[in-house]
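The residues making up each chain are set out below.
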Amino acid sequence: MTDIITTFINDAVQSDFFAGGLALGAFGMAAALLRLAFFAIYRFIQRRIWVSLTLDNRSPAYRHFCIWTEHNNVLTAAKHIRMTDGRWAGGTKGYAPAPGCHWFRHAGRLCRFERNIQEKTKIGSSHDQRPMEVIRITMLFGRLATILDWIAAGKSIAQTKDRIGPGLHIHKGDYWDCIGDIPGRSIDSVMVDDDRIDRLRADIRWFYGAADWYAQRGVPWRRGYLIYGPPGTGKSSLIRALATDLRLDIATLDVGRSDLSDEALREAMISAPRRAIIAIEDIDAVFVNRQEGDKKSGVSFSGLLNAIDGVAAQEGRALIMTTNHREKLDPALIRPGRADTHLELGLINAATATRLFRRFFPDDEEHAQLFAAALGRNQYSPAAVQGWLLAHWDDPVSAATAAGLISEPTVLAAE
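Conventions used here
- Residues numbered from 1 in each chain as written.
- Predicted model: local features only at pLDDT ≥ 70, side-chain atom pairs only at ≥ 80, totals over all residues.
- Heavy atoms only, no water.
- Buried < 20%, exposed > 50% of the residue type's maximum accessible area, 1.4 Å probe, protein only.
- Helix = DSSP H or I, 4+ residues; strand = E, 2+ residues; numbered from the N terminus.
- Arc of directions from axis to C-beta.
- Contact = heavy atoms within 4.5 Å.
- Pairing = 2+ DSSP bridges.
- Axes fitted to C-alpha atoms, helices over the stretch in contact; angles between N-to-C directions.
- Salt bridge = Lys/Arg side-chain N within 4 Å of Asp/Glu carboxyl O.
- Parallel < 35°, antiparallel > 145°, perpendicular 65-115°, else oblique.
- Left-handed = near helix turned anticlockwise from the far one by under 90°.
- Nonpolar A, V, L, I, M, F, W, Y, C, P; charged D, E, K, R; others polar.
- Right-handed = clockwise from strand over helix to strand, strands pointing away.

Looking at this structure, I do not really get helix H8 (residues 262-270). What am I missing?
Structural remark: α-helix, 3.6 residues per turn; residues separated by three or four positions point the same way. Residues of H8 that are buried: Leu265, Ala268 and Met269. The buried residues of H8 occupy an angular sector of 95 degrees when projected down its axis, which confines them to one face. On its buried face, H8 is in contact with strand S7 (167-172), strand S8 (175-181), strand S11 (276-280), helix H10 (301-309) and strand S12 (319-323).

Encoded structure:
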């Protein structure tokens, strides 16, 4: 048997057909090995000479980069374009390079822009869904910091050119959704009888510039505020006015959502946008005490406390909670360290209400004085005063009577 096999191999080796097949197979194997080696070397080199950054349209950085590209005209040579999402394209021309790969040069660097639209992957709320868009920016012989600088420049352009007020971020699922800017509000449009708002504004401004102060003292860089008072006194308006005045964004959290867990809340607080005020409004409607809090929300009371000042709690962002009923809140929630400053927004007196009258009728001091006299020594809800003046915006004579305003249930007699 061995002799037969040996004879067969000797005959095959002497055959030109077999030798050619053997050589061809060896050549193919060598080519495959060379191909693997080439791509391994290519990938090795590529990872070291290219830097890349991937963004999707859940991130504000997506819009900021799009604004930067238009401002610097780096993709004007693209021959294939596609209309963009109107909300995310705010401040742009409304179109961008079509899905696929596009090349451009900027500051002497060769760059590649790749855009992918995932039509089957929807983001946003149920009534405002849109497909996810992913872009990838790649630079040859560059630094990642350069791309990040481009995004920062786009953010600066958006803030100085297109910004109408604070950016509003809403937590949805497992990410923060920037729904765009909301109209700004003047800090003195929130009516109070003294300088308490000025003191609060100064405190928040100091906090955002005090990172080194906290670090030198080994104290977590956190500060909480509780704004309380009856409905219609301007609690929500004050948050917007503070954000406008201090050039901060607003990140609003609905801790009453049944699908929000303790872990998700902690992650939301940690990942909240930088230079933003975290706002939790009407906290009394969710957490009155430890027992009821667990029943009304997917978040436990202890989970909320840990998210505010636990070991892994967020730093560098002021937290503002609002309530209509401070007396109903558990003391553990509003103690120093969680709510360091408490500010009451209450009813306003006639002198303060008259300041608002003068804004509606700036050249009518005679009726302003009549308005003040009609109000007397009572106190009024700022919302009620504003509503009355809006109802008579073109009739200072009727506005000055304050007839309907005086009969409002929000009026309190001065002691």
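Would you mind showing me how to read the sheet that holds strand S5 (residues 109-123) here?
Two modes of strand pairing occur in sheets, parallel and antiparallel, and in both the strands are linked by backbone hydrogen bonds. Taken in spatial order, the four strands of this open sheet run S1-S6-S5-S4, and their pairing is antiparallel. This sheet does not close on itself; its edge strands, each paired only once, are strand S1 (50-56) and strand S4 (100-106). Mean inter-strand twist for the sheet, computed between neighbouring axes without regard to direction, equals 20 degrees. Direction of pairing for S1 relative to strand S6 (residues 130-140): antiparallel, over a ladder of seven bridges. Residue tryptophan 50 lies in a different strand from S6, and its bridge partner there is leucine 140.

What should I look at first to understand the pattern of salt bridges in this one?
When the charged atoms of two side chains with opposite charge come close together, those side chains can pair. This structure, assessed with the given rule, holds 18 salt bridges. Taking the shortest distance from any N to any O, the salt bridge between aspartate 245 and arginine 201 comes out at 3.3 Å. You can see aspartate 245 sitting in helix H7 (residues 235-246) and its partner arginine 201 sitting in helix H5 (residues 196-208), a full 44 residues away along the chain. When its relative accessible area of 29% is taken as the criterion, aspartate 245 is described as partly exposed. For the salt bridge of arginine 257 with aspartate 259, the shortest nitrogen-to-oxygen distance reads 3.1 Å. Note on aspartate 259: relative accessible area 57%, which makes it exposed. Linked through salt bridges whose partners overlap, the residues forming this network are Asp198, Arg201, Arg205 and Asp245.

Any chance you could explain the packing of helix H11 (residues 350-360) against helix H12 (residues 365-375) here in plain terms?
Any two packed helices are characterised by how steeply their axes cross, that is the angle between the axes, and by the distance between the axes. Running from N to C, H11 and H12 point in directions that differ by 150 degrees, and their axes come no closer than 9 Å. As far as their axial angle goes, H12 and H11 are roughly antiparallel. The hand of the H11/H12 crossing is right-handed. Every residue of H12 that contacts H11 at Ala350, Ala353, Thr354, Phe357 and Arg358 is listed here: Glu365, His367, Ala368, Gln369, Phe371, Ala372 and Leu375. In the contact of H11 with H12, the residues fall into seven nonpolar, three polar and two charged.

In this structure, what is going on with the pairing of strand S10 (residues 249-252)? I would like to understand it.
Both S7 and S10 contribute to a ladder of three bridges, which runs parallel. When the sheet's bridge partners are listed, isoleucine 170 is paired in S10 with threonine 252. Pairing geometry for S10 and S11, over four bridges, is parallel. Among the inter-strand pairings, isoleucine 250 is bridged to a residue of S11, identified as isoleucine 277. At this point the chain moves from S10, through H8, to the parallel S11, and the crossover so formed is right-handed.

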